[in-house]
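Now for the letters of each chain:
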Amino acid sequence: IAAFVAGTANDCFFMALNIVDNFWQAQATVMLTPRLPLYICCTYNQFMYWAYVAAYNGPARWSLLQRSMAAGLLGELWY
C-alpha cells in the first residue's frame, strides 16, 4: 500500500507543477485523472516493493545501509 500511495503522491505532486509538462500518458482503460492512468500507479509497486523485499531477505549479515543500497540497485535494474 505504501508503494502505491507514495508513487501516486509523487506523480500527482509533479503533475501539479507548471514547470513539469511531460506527464501526458497514453490513454488507458482506467484513468484516475485526465493525466494519470491506473497502470502508472501500479507500476510503482513493481519498482519499489519487490526490490525492498528482496533486499530485506538478503544475507543476514548486511547492515541497514547495505540493504538500502541493494534495494535501490535492484529497483533500478528492474526499471
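For the structure itself, look to the data block above.
Note that the structure is predicted; figures quoted are calculated from it, not measured.

1. Regarding the nonpolar core
- Met 15, Leu 36, Ile 40, Cys 41 and Tyr 44 together form the largest nonpolar core, which totals five residues.
- Looking at which element gives the most residues to this core, the answer is helix 2 (residues 38-56), with three residues.
- The residues contacting Tyr 44, other than those within four sequence positions of it, are Ala 3, Gly 7, Asn 10, Asp 11 and Tyr 49.

2. A short note on the environment of Leu 77
- Mapped onto the elements of the fold, Leu 77 is located in helix 3 (residues 64-78).
- Leu 77 gets classed as exposed once you look at its relative accessible area, which sits at 70%.
- Counting along the chain gives 26 residues from Leu 77 to Ala 51, while the straight-line C-alpha distance between them is 9.4 Å.

3. A few points about the packing of aromatic side chains
- Counted under the stated rule, the structure contains three aromatic pairs.
- Judged by centre distance (5.6 Å) and plane angle (70 degrees), the ring pair of Trp 50 and Trp 78 falls under edge-to-face. Of this pair, Trp 50 sits in helix 2 while Trp 78 is found in helix 3, placing the two residues 28 residues apart along the sequence.
- When its relative accessible area of 32% is taken as the criterion, Trp 50 is described as partly exposed.

4. A look at the environment of Leu 64
- By the secondary structure assignment, Leu 64 is in helix 3.
- Since its relative accessible area comes to 66%, Leu 64 is described here as exposed.
- With 16 residues separating them along the chain, Leu 64 and Met 48 place their C-alpha atoms 16 Å apart.

The rules behind the values
Residues numbered from 1 in each chain as written. Predicted model: local features only at pLDDT ≥ 70, side-chain atom pairs only at ≥ 80, totals over all residues. Heavy atoms only, no water. Core = buried A, V, L, I, M, F, W, Y, C linked by side-chain atoms within 4.5 Å. Buried < 20%, exposed > 50% of the residue type's maximum accessible area, 1.4 Å probe, protein only. Helix = DSSP H or I, 4+ residues; strand = E, 2+ residues; numbered from the N terminus. Contact = heavy atoms within 4.5 Å. Phe/Tyr/Trp six-rings, centres within 6.5 Å; stacked < 30°, edge-to-face > 60°.

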